[in-house]
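# Structure assessment
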Amino acid sequence: MYSYLLPEFAIERNEDRCIHCRVCERQCATDVHYYDAEMDKMFFREEACVGCQRCAVFCPTNALFIWPHPAEYRPNSSWNREKLQDLKKQAETGGVILTGSGNDKPYRIYWDHLVLNASQVTNPSIDPLREPMELKTFLGRKPDNLEIEFNKGEVKIKSELYSNVSITTPIVFSAMSYGAISYQAYKSLAMAAKKFGTLFNTGEGGLPLNMRKEYGCSAIVQCASGRFGVDPEYLNAACAIEIKIGQGAKPGIGGHLPGEKVSENIAVTRMIPQGTDALSPAPQHDIYSIEDLSMLIYALKEATNYEKPVSVKIAAVHNVAAIASGIVRAGADIVAIDGLRGGTGAAPKAIRDNVGIPLELALAAVDKRLREEGIRNKCSILAAGGIRCSADVMKAIALGADAVYIGTAALVAMGCTLCQKCYTGKCTWGICTQDPYLSKRLNPEITSQRLTNLLRGWSYEIKEMLGGMGINAIESLRGNREHLRGVGLAEWELDVLGVKGAGE
Amino acid sequence: MNNLNVKFGLRNMFLDGVRPVNELVQHVNTNGSNAYIDALGLKHKELNDLLRETALKGATSITVQNVFGQRYIGTRLYLPNLAKKMEIKIAPYPGNDLGAFLNGHRLIVYGNAQDGVGNTMDDGEIIIHGRAGDIVAMSMRGGKIFIRDNVGYRAAIHMKEYTGKVPALVIGGTAQDFFGEYMAGGRVILLGLNLSKNERHKAHYIGTGMHGGVIYLRGRVEEYQLGKEVGIRALDSQDWETVGQYVSEFSGHFGFDPAEILQEKFQKLLPVTSRPYGKIYAY
Ligand code: SF4
Ligand code: SF4
C-alpha cells in the first residue's frame, strides 16, 4: 500500500440498511470490508477499494455506495490528480506504472462523430423480420477473379480458392489468453463462439488439450513472440492462425505473465515450468522485416498444409497503411488492426495511454491503401480496439472492415466493470484471475449464454440498421462510405476517413 | 487487375506458378520404403508437396538431392497417423526454416543450412554436416539439433522446456551475439572446436534475459561477453554426465573423438533467476 495517496474511491455504508450479512466482505477481493464482532459492525479500508462495484450490487439491502473519491488537490488541468498520484507512486517504488483494460483518456472517439444512413422514399428499406438478411462473413484471401466452367448444366468454379473461415456474424472475440483470464472466462468465450458460429482467439497462452477437439474449430490460435503452447498439433487443431506482432494497448512491447500466475494448469497449456515468468519478447525474433514475416506466414501455412488462413495482428501506428500493405504482400490472409483503445490484461500506463492511433483512422487508411494498390481482395480486415456496440460494428464495416474483434465488450458481458486492475490478478468478477475462489464465480454455462445473448442482440441490431439502409447483406456495406457522414470533424479527418461531412 | 499482376507488381514468390504434385512425379523415385527426390528447379511448396505425398505413400527414408535454398523442409510432415517417423537426408543447401515445427522426424543435412533451423521445433532430430545461419533452435521445445560448425546470431533464443520435454542443441563451432537470449529451458552445448588455442568464443550478450535452461560452454569466454542475467558455475557430476552423453552423440555423427573434446575445460552458464524482470513494476 502506498503512503500519502488519496483513496481512489469513497465508500458509504448506510448503517440503517446494513444487516451485517458480511456478503460484501466475502465478495471483495481486496479485503476492503471487515466485520467487528465485538461492536457488531461492518468497517472498511477505503484505500484498497478499486471501484469494481461487486460489493454494491451483491449487498442484499443496497446499503453500499461506491463512488470516485471526491477529494481533490487544488484544481489544475495540467497537473491533475491522476498525474500527481502516479508521480507519488513512482517516487515510492521507482517502478513502471502498470494498468489494465483500454486507454481511458479523452482522445476523440470517431465512432461518435460518424452517422449512418437510412433509406427514405427513393429506395425502400427492408424489414429484417420478414426478409432474409445475410450477415455471414468469410475471412481469408479471395481470388483476383472467378473463372467459372459450365459443363452439361453443372457449374464449377475453375479458379483456385484459398482457405476461408465462415462466421455467422461479423463479430469475433479478440485474443484473451488463458493465464490473462481465468479458465472459466476462457471457456465461456469458446463455448459462446462455437454456439453462435463465430470465433474466439486463444491469445498466446495456448489451447488446453482437453478443449482442442471440441473448440478447435472455433479457435483462432495465436503464434506470438513467446511461442507459448505452440506445437504442430495446436496449430492444426485451430481454424485459423494469428501471428501477433502488436497489440493496441501496448504497441511495440512484449508481455510478462508473472511467475506467480503460472499455475499448474497454465504451465501445462503454455508448456513451461510452473512458477517461471512467461516472457514474451517485444519483437518476434525471427521477424525483423516484411520478408521475415513472410517466412513465418508460410512456415505456418506449411505446418498446417495450407488449410488455414493466417492472420497478422498489428497495433495501429503511424504508418499503418504501408505496414498493412507489406503484410498482405507477405502473404497474410487476414490483417487485424488493433487501435489506440484496445484492451489488455497488463500494460505500462505510459504506453497504453500514449502510443498508437485511433482505430477508425487506421482502418480507413488501410482499407483505402489496399484498394488503391489493388490488393484489398487478398486479405480480410479485422478491426479491433474500442468497439462498444452494434453501431460501432456497422461503422467499422462501412470503413472497410470485414469483421470486428471485441474484447472489452465481451468482458463487460461477463461481468467486468472496467476497474482496470486486471494486472493484479484479483478480479472480483472472476475474469482476470487465477484464484480459484474468485474464478469459480463464473459458470461457463451461464456466462457463455450471456455472450451469445450479446452476439444475438448486436446481430439483430445490425440487421435492423442494414434493413433501414435498404441493404440485405453485410457484404454490401463493406467499405461503403456512402453510408457514412461525419459530424463535427475537421477537413483532414474527413479526408483520412474518406467520408463526406453530414449534409454533403 | 490482370492475371500477370503486372500493374500492381504483386508477385507471390511462394505460390505463383506452383505446379500440382501430379506434374512433378518425374522428380521422385520410390523403392519400397526408400525414396529419392531430385529437388532441382522445384519451388519451396512443390518440394514440400512432394515430400508429404511421398510420406503418405509410405516412404520412411527419403533422400533429397540438389536442394538449393528450398525452405521449410520437414515442416509439412505433421502426420500424426504415420506409423513410423521419417528420416530425410538432404544435400547440399536447404533454405530457411529447415525443420520448423518439426514433428519427430530426423533430418540430416550434408552441407550448410540457412536461418531458422528448428524454429519452434517440437520433436525429432536435425543433424547438420556444416554450418547454420541465424536463430537456430528459436523457441525449440523438444528434440535434438547437432551442428558440426558455427552458427549465426541469436542461436537458442527463447528455447523452452517442459516436464519431460527438454530440447538439446549441440554446436561444434562457435556462435555469434545474443547466443541463448531469453532462454527459458533446454540444454545448449557450445564446443568451440574450430577456435584456436586461447581464442575466445565470438558471441557477446550471451544469455541476455535468460530465465531457464542451461548452457555448457567449452573453451574461453570472458565475463563481459555474458548477459547480466547469467552466472558461471563449475560442472557437477550430473552435468558431466549430460555433457558426456551429448558430446559422444555429437562425435558419433561427425567422427570426432569424444575423449579429446571432453579434456578441455567446460563452464556452465545458468540464469541467476527464473524471474529476471519481476521487480520493475509499481502495482
Ligand atoms: S474493490 Fe470492489 S468489492 Fe471491494 S469494496 Fe471496492 S467496489 Fe466493493
Ligand atoms: S453486503 Fe450490505 S448488508 Fe451485507 S454486510 Fe455488506 S453492507 Fe451490510
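Our structure's up above, just so we're on the same page.
The structure contained in this document is the topic of the report that follows.

Here is what the cut-offs are and how they apply
Residues numbered from 1 in each chain as written. Chains lettered and ligands numbered in written order. Predicted model: local features only at pLDDT ≥ 70, side-chain atom pairs only at ≥ 80, totals over all residues. Heavy atoms only, no water. Helix = DSSP H or I, 4+ residues; strand = E, 2+ residues; numbered from the N terminus. Areas by Shrake-Rupley, 256 points an atom, 1.4 Å probe, with all protein chains shown as cover. Lys, Arg positive; Asp, Glu negative; His and termini not counted. Charge placed at Lys NZ, Arg CZ, Asp CG, Glu CD. Near = heavy atom within 4 Å. Nonpolar A, V, L, I, M, F, W, Y, C, P; charged D, E, K, R; others polar. Pairing = 2+ DSSP bridges. Contact = heavy atoms within 4.5 Å. Core = buried A, V, L, I, M, F, W, Y, C linked by side-chain atoms within 4.5 Å. Buried < 20%, exposed > 50% of the residue type's maximum accessible area, 1.4 Å probe, protein only. Buried area = accessible area lost by both parts, 1.4 Å probe. Salt bridge = Lys/Arg side-chain N within 4 Å of Asp/Glu carboxyl O. Expected span 1.5 Å × (residues − 1).

Below, the discussion takes up the overall build of chain A. When you go through chain A residue by residue, the secondary structure sums to 16 helices and 23 strands. Accessible surface, chain A: about 20,900 Å² in total, of which carbon and sulfur atoms supply 53%. For chain A, the separation between the mean place of its 56 positive charges and that of its 57 negative charges on side chains is 1 Å.

Looking now at the site of ligand 1. Around ligand 1, the neighbouring residues are Cys28, Thr30, Val32, His33, Cys49, Val50, Gly51, Cys52, Gln53, Arg54 and Cys55 of chain A. The class makeup of the residues in the shell around ligand 1 is 6 nonpolar, 4 polar and 1 charged.

So, about the sheet that holds strand S22 (residues 484-486) of chain A. All names here are of chain A. Spatial strand order, S6-S22-S23: 3 strands in an open sheet with mixed pairing. Each of the sheet's edge strands pairs with one partner strand only, and the pair in question is strand S6 (114-116) and strand S23 (500-501). Strand direction decides the pairing type here: S22 and S23, joined by 2 bridges, are parallel. Looking across to S23, one finds that Gly486 is bridged to Gly501.

Let us look at the side chain of Asp86 of chain A. Mapped onto the secondary structure, Asp86 of chain A falls in helix H3 (residues 81-93). Setting aside residues no more than four positions away along its own chain, Asp86 of chain A makes contact with Ile97 and Lys349 of chain A.

Residues and elements named next belong to chain A. Of all hydrophobic cores here, the largest spans 115 residues; its most connected members are Phe173, Phe200, Ile406 and Ile431. By residue number, the principal contributor to this core is helix H8 (residues 290-303), which donates 8 residues. Here Ile431 is in contact with Ala180, Ile181, Ser182, Ala185, Leu411, Met414, Gly415, Cys416 and Leu442, once residues within four sequence places are set aside.

So, on to the interface of chain B and chain A. The interface is formed by 48 residues belonging to chain B together with 54 residues belonging to chain A. Regarding the contact of chain B and chain A, the summed buried area is about 4,600 Å², with carbon and sulfur atoms giving 60% of it. For the pair chain B and chain A, the number of links is 1 salt bridge. Residues Glu302 of chain A and Arg76 of chain B are paired through a salt bridge, measuring 2.6 Å at the closest nitrogen-oxygen approach.

What follows deals with the site of ligand 2. Around ligand 2 sit 13 residues in total, of which Cys18, Cys21, Arg22, Cys24 and Cys59 of chain A are the nearest. For the shell around ligand 2, the per-class residue count stands at 9 nonpolar, 2 polar and 2 charged.

We now examine helix H1 (residues 44-56) of chain B. All names here are of chain B. In this model, H1 (13 residues) spans 19 Å end to end at C-alpha, consistent with the 18 Å of a helix rising 1.5 Å per residue. For H1, a buried count of 11 out of 13 residues is recorded, marking the element as mostly surrounded by other parts of the structure. All of the buried residues along H1 are His44, Lys45, Glu46, Leu47, Asn48, Asp49, Leu50, Leu51, Arg52, Thr54 and Ala55.

Overall, the coordinates contain 49 salt bridges over all chains when judged by the stated rule. Its salt-bridge partner being Arg106 of chain B, residue Glu87 of chain B comes within 2.9 Å of it at the nearest N-O pair. In this pair, Glu87 of chain B sits in strand S4 (residues 87-93) while Arg106 of chain B sits in strand S5 (residues 103-109), placing the two residues 19 residues apart along the sequence. Glu87 of chain B sits in the partly exposed class, given a relative accessible area of 22%. Here Glu181 of chain B ties to Arg154 of chain B by a salt bridge, and the two come within 2.5 Å at their closest N and O atoms. Pair noted here: Glu181 of chain B is in the loop between strand S8 (168-171) and strand S9 (184-190) and Arg154 of chain B is in the loop between strand S7 (144-147) and S8, with a separation of 27 residues, a long-range link. A relative accessible area of 8% means that Glu181 of chain B is categorised as buried. Connected through shared salt-bridge partners, Glu82, Asp86, Asp104, Lys105, Lys349, Arg352 and Asp353 of chain A make up one network.

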